[in-house]
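# Examination of the molecular architecture
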Amino acid sequence: MSVRIVHISDIHHDKRSHAAIHQLEDAIKSVRPDFIVCTGDLVFNPWPGNVRKAKDWLENLCKTCNIDEPSLLIVPGNHDYGISGVLGISRLTGYWFRAAFKGAYEPRVIQCKKDKLKLTFVCMDSNPEVIDILARGHVSRRQLRRLTNELGDIQTASSTRVALLHHHCLPVYNDTGPDSILLLKNAQNVIKFFAKQGINLVLHGHTHQATHSLLSVGGTDVENRTFEALAAGSASQNNEPCHNFNLISIDETGFRCVTQYFSRPEGAPFRPGKKSYHFARELFDQIHESRMVREPFAIERIHWDLKINAEGDRFNRLTYTNLWATERANNPHEFSPADYILDTGSFGDIRAFSSTGTEMNLNKILVQPRHVKFTVPFEDVPTRQKP
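Now for a description of the structure that goes with this document. (Residues numbered from 1 in each chain as written. Predicted model: local features only at pLDDT ≥ 70, side-chain atom pairs only at ≥ 80, totals over all residues. Heavy atoms only, no water.)

The next subject is the pattern of salt bridges. According to the stated counting rule, one finds 9 salt bridges in the structure shown. Taking the shortest distance from any N to any O, the salt bridge between Glu129 and Arg91 comes out at 3.8 Å. Of this pair, Glu129 sits in the loop between strand S6 (117–123) and strand S7 (130–131) while Arg91 sits in helix H4 (residues 90–93), and the two are 38 residues apart along the sequence. Taking the shortest distance from any N to any O, the salt bridge between Arg146 and Glu106 comes out at 3.1 Å. Of the two residues, Arg146 is situated in helix H6 (residues 141–152) and Glu106 in the loop between helix H5 (95–100) and strand S5 (108–114); the sequence distance between them amounts to 40 residues. For Glu106, a relative accessible area of 29% translates into the label partly exposed. (Salt bridge = Lys/Arg side-chain N within 4 Å of Asp/Glu carboxyl O. Helix = DSSP H or I, 4+ residues; strand = E, 2+ residues; numbered from the N terminus. Buried < 20%, exposed > 50% of the residue type's maximum accessible area, 1.4 Å probe, protein only.)

As structure tokens, this is what we get:
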């Protein structure tokens, strides 16, 4: 089971390309998202008519994709608060956006669950109180303290944590001007917050560049943490060389796959780029570490060999290397591997051997043609020192 998140940004609905936005609607509908995330700049100028039309468009998109209200997440961008994104006071010129999307401007933590998969969204307002001509962002210390307290009050140990904000905290390639004038003013504090709070994925917009970065953070008072930063380019603003949205698939282990969709030239259908597994090793390390904390047994490595003979019979051999009981094991004398389930065919003989080649006893709990469940008993409890 996996969840699919569509990430859009910098729509600029009042300056949209009509051809591009129709292609965007078709493309988003085709990927069947469970969540739609918009990381700001829904409009170019935050006048009431512009905001109302943009909201209507977004609600119609959600209706078409069968997305309910809790599954639409929005954070504000500088254009949602300031005239042309560079002039205004958030509480004044951003009034119509705040009124249309009540609560969207509030920093908040949202927990979601789909079957066994848990998600925690950390929504941030990265706009300063006064929007200036440099369009730089700022996340106040007060906001960071509030989000820290909210995260501390909820149980999210086994949840994938996704932060949403408009401005970027990492430098990105930008061929339209110096990146320094767009970067968060207090990027260091925000990065430290991401590290301390165990944020796994950061989604943002602002630069109209569809970048994908990885940052590993460590220090004297911060446990080593790694997070992805994924940017969405403009989804539909006219006169852009390329339009973009992102699709993030997350399974119940926390493993993520990112697919970036692009439309070029303007009005062309959106096509997926290569799926990104660039950071798979770091993700596997994170998942392995988190599962060691909450699973009764830890395993250093699992190797799977599959052989198929001339008759089409399949022979599977799974080798568990260095298995030991953790503190969470209720019965450290008995290991329960995951159920074995087939879609076709049926199971034959199932046997277990120790590393010395000695056959081990199996306690078979469930034996059906396509579904087998068993446990492996141990005479001596396997430990980390003697797995």
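Having put the structure on the table, let's press on.
Tracing the backbone through its elements, the reader meets Ala54 in helix H2 (residues 48–64). Residue classification places Ala54 among the buried positions, given a relative accessible area of 0%. Residues in contact with Ala54, not counting those within four places in the same chain, are His13, Leu42 and Val43. (Contact = heavy atoms within 4.5 Å.)

One pass over the structure, following the stated rule, counts 10 aromatic pairs. Here Phe35 and Phe121 contribute two aromatic rings whose centre-to-centre distance is 5.4 Å and whose plane-to-plane angle is 55°, an arrangement assigned as tilted. On the criterion of sequence distance, the pair formed by Phe35 in strand S2 (residues 35–38) and Phe121 in strand S6 is long-range, its members being 86 residues apart. Here Phe35 falls in the buried class, since its relative accessible area comes to 9%. Measuring from ring centre to ring centre gives 5.6 Å for Tyr320 and Phe335, while their planes differ by 75°; the resulting arrangement is edge-to-face. One end of the pair, Tyr320, is in strand S16 (residues 314–325); the other, Phe335, is in strand S17 (residues 334–335), with 15 residues separating them in the sequence. Looking at Phe335, the relative accessible area reads 9%, which means it is buried. Pairwise contacts between aromatic rings join Trp47, Tyr95 and Trp96 into one cluster. In this structure, Lys15 packs its charged tip against the face of Phe44, placed 5.1 Å from the ring centre. (Phe/Tyr/Trp six-rings, centres within 6.5 Å; stacked < 30°, edge-to-face > 60°. Lys NZ or Arg CZ within 6 Å of the ring centre and 35° of its normal.)

Residues Arg264 and Pro265 are joined by a peptide bond in cis, for which omega reads 0°. Despite not being glycine, His206 shows a phi value in the positive range, around 85°. Relative to the helices and strands, His206 resides in the loop between strand S9 (201–204) and strand S10 (212–217). For His206, a relative accessible area of 8% translates into the label buried.

Ile8, Ile28, Phe101 and Phe245 are the most contacted members of the largest nonpolar core, which has 32 residues in total. For this core, the elements supplying multiple residues, two or more each, are strand S1 (2–8), helix H1 (18–30), S2, H2, H5 and strand S12 (243–251). Ranked by residue count, the leading element in this core is H2, at 6 residues. Ranked by size, the runner-up nonpolar core spans 23 residues in total, among them Met124, Leu147, Leu165 and Val190. (Core = buried A, V, L, I, M, F, W, Y, C linked by side-chain atoms within 4.5 Å.)

With respect to the element layout, His13 can be found in the loop between S1 and H1. In contact with His13, other than residues within four places in its own chain, are Ile21, Leu42, Val43, Lys53, Ala54 and Trp57.

This brings us to H6. The end-to-end C-alpha distance of H6, which contains 12 residues, comes to 16 Å, matching closely the 16 Å that a straight helix rising 1.5 Å per residue would cover. Taken residue by residue, H6 has Gln143, Leu144, Leu147 and Leu151 as its buried positions. Projected down its long axis, H6 carries its buried residues within an arc of 100°, all on one side. Exposed residues pointing more than 90 degrees away from the buried face of H6 are listed as Arg141, Arg142, Arg145 and Gly152. (Expected span 1.5 Å × (residues − 1). Arc of directions from axis to C-beta.)

The alternating pattern of S2 places Phe35 and Val37 on one face and Ile36 and Cys38 on the opposite face, and all of these are buried. Where S1 and S2 come together, 4 bridges link them in parallel fashion. In the sheet register, Ile8 faces S2, and the bridge partner there is Cys38. Handedness of the S2-H2-strand S3 (residues 72–74) crossover: right-handed. (Pairing = 2+ DSSP bridges. Right-handed = clockwise from strand over helix to strand, strands pointing away.)

All right, on to helix H7 (residues 187–196) then. All buried positions along H7 are accounted for by Ala187, Val190, Ile191, Phe193, Phe194 and Ala195. As for H7, its buried residues are in contact with S6, H6, strand S8 (160–164), S9, S10 and strand S11 (225–231). Note on H7: the residue one or two positions beyond its end, Gly198, has a positive phi of about 65°.

In contact at an axis separation of 10 Å, H1 and H2 are set at 30° when each is read in the N-to-C sense. Considering the angle they form, H1 stands roughly parallel to H2. Crossing hand, H1 versus H2: right-handed. On H2, the residues that touch Ile21, Leu24, Glu25, Ile28 and Lys29 of H1 are Trp57, Leu61 and Thr64. Here the residues of the contact of H1 with H2 are counted per class, giving 5 nonpolar, 1 polar and 2 charged. (Axes fitted to C-alpha atoms, helices over the stretch in contact; angles between N-to-C directions. Parallel < 35°, antiparallel > 145°, perpendicular 65-115°, else oblique. Left-handed = near helix turned anticlockwise from the far one by under 90°. Nonpolar A, V, L, I, M, F, W, Y, C, P; charged D, E, K, R; others polar.)

Attention now moves to the pairing of strand S21 (residues 363–368). One ladder, built from 5 bridges, connects S21 with strand S22 (residues 371–377); its direction is antiparallel. Opposite Val367, over in S22, you have Val372 as the bridge partner.

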